[in-house]
Amino acid sequence: MNKNILLCVSGGIAVYKAVALVSKLSQAGANVKVIMTASARQFVNPLSFQVMSKNDVFFDTFDEKDSSVIAHIDLADWADLILVAPATANVIGKLANGIADDMVTTTLLATTAPVWLAPAMNVHMYDHPAVKRNLAQLASDGYQFIEPSEGFLACGYVGKGRLEEPEKITAIVQGFFSEKVKPLAGKTVVVTAGAFYVPLDEHHVISTKANGRIGQAIAEEAKILGANVILIDEKEASVHKLFEQLEGYQKQYPSTFFIHAANTPTIEGAPILSIEGMTAVTFGQKVIGEPMLTIVSDTWIDFSDTAEINGQFWDATDATQFAKAFWTYILQGDAQ
Ligand SMILES: Cc1cc2nc3c(=O)[nH]c(=O)nc-3n(C[C@H](O)[C@H](O)[C@H](O)COP(=O)(O)O)c2cc1C
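What you are looking at is a predicted structure, and each value in this text was computed from that prediction instead of being measured. (Residues numbered from 1 in each chain as written. Predicted model: local features only at pLDDT ≥ 70, side-chain atom pairs only at ≥ 80, totals over all residues.)

1. Some words on the overall build of the protein
Selection criterion: The way it works is that DSSP assigns letters per residue, a run of H or I at least four long becomes a helix, a run of E at least two long becomes a strand, and they are numbered from the N terminus. Counting other C-beta atoms within 10 Å of its own, a residue is labelled buried from 20 upward, exposed at 12 or fewer, and partly exposed in the gap between, with every C-beta atom placed from the backbone. By the convention adopted here, residues are in contact when the distance between their C-beta atoms, placed from the backbone, does not exceed 7 Å.
The secondary structure content of the protein amounts to 12 helices and 16 strands. Residues classed as buried in the protein amount to 39% of the 336 residues present. Once local pairs closer than 6 in sequence are excluded, the contacts in the protein between residues at least 24 apart make up 65%.

Spelled out as structure tokens, the structure:
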């Protein structure tokens with residue numbers, strides 16, 4: 001998990017668990033930085049967090065160590081995810097009302113990263129109508145929560161209010177990022193690479209020269225993004241055979257995503273095929289105006305030495321870079 005996690009620690013008895021959380025997150029490969037409230041420093045010395053995170057610990061909004069940046073903005077921008085653990089009733093109340101009177105709350109208002117709050121407090125505090133109101137406000141503002149667990153509380157009560165265990169929080173964070181980086185998980189992607197031929201008459205075929213690199217790179221990138229990939233890398237196969245294969249795949253894997261990156265000659269009278277319900281992207285040069293192979297698709301990529309994706313031109317000689325740009329577009333665009 002090579003991600004930047006900013007841990008905001010507020011002043012509850014569970015601060016000691018936040019030290020273990022930094023350790024677990026670091027072991028999981030995260031880069032961790034810590035901001036503490038003044039109350040949090042009553043419980044644990046910042047040195048513990050500094051040693052565990054191997055980074056400076058921040059707590060004073062006006063202590064600008066690096067003159068080239070404003071620390072709270074820099075941290076807010078640096079973070080891929082902000083965890084507030086433990087989140088006190090006080091910090092929850094301030095955030096719900098847009099109050100920014102210390103380094104933690106100021107940074108929280110300055111970030112666009114996802115913020116997760118792990119409330120931890122006395123059971124009656126957690127049940128207080130004001131706290132409930134603030135939590136509801138934060139939920140409607142888009143904040144995520146790591147709910148406190150039930151058990152013995154430091155105050156002597158038994159109930160809901162314990163900070164979730166560091167191992168569990170770390171696992172949730174890891175799950176979040178692995179889902180994020182594997183957007184094609186559970187999807188089948190069929191990619192053609194190379195070249196197909198089209199029969200011209202009984203004895204002749206028309207083919208093109210193609211090395212298959214773009215299709216191979218797209219397939220490789222789809223695997224990295226978590227897809228089940230079927231690569232049809234052909235040098236001497238009929239386009240009719242491809243159609244049969246595709247229909248077979250579609251029956252077998254109903255949500256197949258088809259990418260026709262193989263070079264198929266664009267000639268008059270070449271077959272046009274639609275496969276209903278199959279999401280597809282077709283590459284090709286518009287030699288005779290329209291792509292020869294038409295699969296149900298609203299996405300068409302005009303392709304020669306450069307490929308036009310969404311109005312932007314990419315150098316198609318760098319297949320890997322092209323494949324990354326391709327998937328970024330597909331996963332953001334309507335073709336998803
Ligand atoms: C021993 C002790 C334990 C505390 N534990 C909690 C707690 O678990 N949760 C909480 O919301 N407040 C707790 N508080 C109260 C907060 O420290 C207090 O509301 C403080 O103003 C919070 O400041 P902060 O939100 O800026 O960190 C505790 C206070 C003391 C003295």
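So that's the structure; there's more coming.
2. Here's the deal with the site of the ligand
Threshold: Near, as applied to residues and a molecule or strand, means the residue's backbone-placed C-beta atom lies within 6 Å of it. Here the nonpolar group is Ala, Val, Leu, Ile, Met, Phe, Trp, Tyr, Cys and Pro; Asp, Glu, Lys and Arg are the charged ones; every other residue, Gly included, is treated as polar.
In the vicinity of the ligand lie 15 residues, with G11, G12, S39, T88 and N90 positioned nearest. A total of 3 residues in the shell around the ligand trace back to one element, the largest contributor, which is helix α5 (residues 89–96). Considered class by class, the residues forming the shell around the ligand number 8 nonpolar, 7 polar and no charged.

3. Quick word on the sheet that holds strand β1 (residues 4–9)
To keep things clear, this is the line we draw: For two strands to be treated as a pair, DSSP must find at least two bridges joining them.
Ordered in space as β3-β2-β1-β4-β5-β6, the 6 strands form an open sheet in which the pairing is parallel. Only two strands of the sheet have a single neighbouring strand rather than two, namely β3 (57–58) and β6 (144–145). Bridge analysis of strand β2 (residues 31–36) against β3 gives 2 bridges, and the strand direction is parallel. Counted as the bridge partner of V34 is V57 from β3.

4. A closer look at the packing of helix α1 (residues 15–27) against helix α3 (residues 46–53)
Note the cut-off: All axes here are fitted lines through C-alpha atoms, helices being fitted over the stretch that makes contact, and every angle between N-to-C directions spans 0 to 180 degrees. Each angle receives one of four descriptions, namely roughly parallel if under 35 degrees, roughly antiparallel if over 145, roughly perpendicular if within 65 to 115, and oblique otherwise.
Interhelical geometry of α1 versus α3 gives an angle of 10° and a closest axis separation of 9 Å. Classified by the interaxial angle, the pair formed by α1 and α3 is roughly parallel. Of the residues in α3, those touching α1 at V19, V22, S23 and S26 are S48, F49, M52 and S53.

5. Side note on the pairing of β1
Selection rule: Note on handedness: a clockwise path from strand one over the helix to strand two, with the strands aimed away from the viewer, defines a right-handed crossover.
Within β1, 5 of the 6 residues are buried, which leaves the element mostly enclosed by the surrounding structure. Across 6 bridges, the pairing between β1 and β2 is parallel. Across the sheet, residue L7 finds its bridge partner in β2, namely V34. Once the chain exits β1 it traverses α1 before rejoining the sheet at β2, and the crossover so formed is right-handed. Pairing of β1 with strand β4 (residues 81–87) involves 4 bridges; the strand directions are parallel. Residue C8 lies in a different strand from β4, and its bridge partner there is V84.

6. With respect to the environment of F62
For F62, the location among the structural elements is in the loop between β3 and α4 (71–78). As for F62 and D102, which are separated by 40 residues in sequence, their C-alpha atoms are 9.3 Å apart.

7. A short note on the pairing of strand β7 (residues 149–152)
In the sheet, β7 pairs with strand β8 (residues 158–162) via 4 bridges, with the strands oriented antiparallel. Paired with G151 across the strands is G159, a residue of β8. Here β7 folds back onto β8, and the loop between the two strands holds 5 residues, one of which, G156, carries a positive phi near 105°.

8. Structural notes on helix α8 (residues 129–140)
Heads up, the rule is: Given the number of residues in a helix, its expected span is that number minus one, multiplied by 1.5 Å. Read the arc as the range of directions from the helix axis to the C-beta atoms.
Taking 1.5 Å of rise per residue, 12 residues should cover 16 Å, and α8 covers 16 Å from first to last C-alpha, within 8% of that figure. Every buried residue belonging to α8 is among V131, N134, L135 and L138, and all of these are buried. Each buried residue of α8 lies within a common arc of 100° when the element is viewed along its axis, so the set occupies one face. Seen from the buried face of α8, the exposed residues on the opposite side, beyond 90 degrees, are P129, K132, R133, A136 and S140. The inward-facing, buried residues of α8 contact α5, β5 (115–119) and α7 (123–127). Of the residues flanking the end of α8, it is G142, one or two places downstream, whose phi is positive at about 100°.

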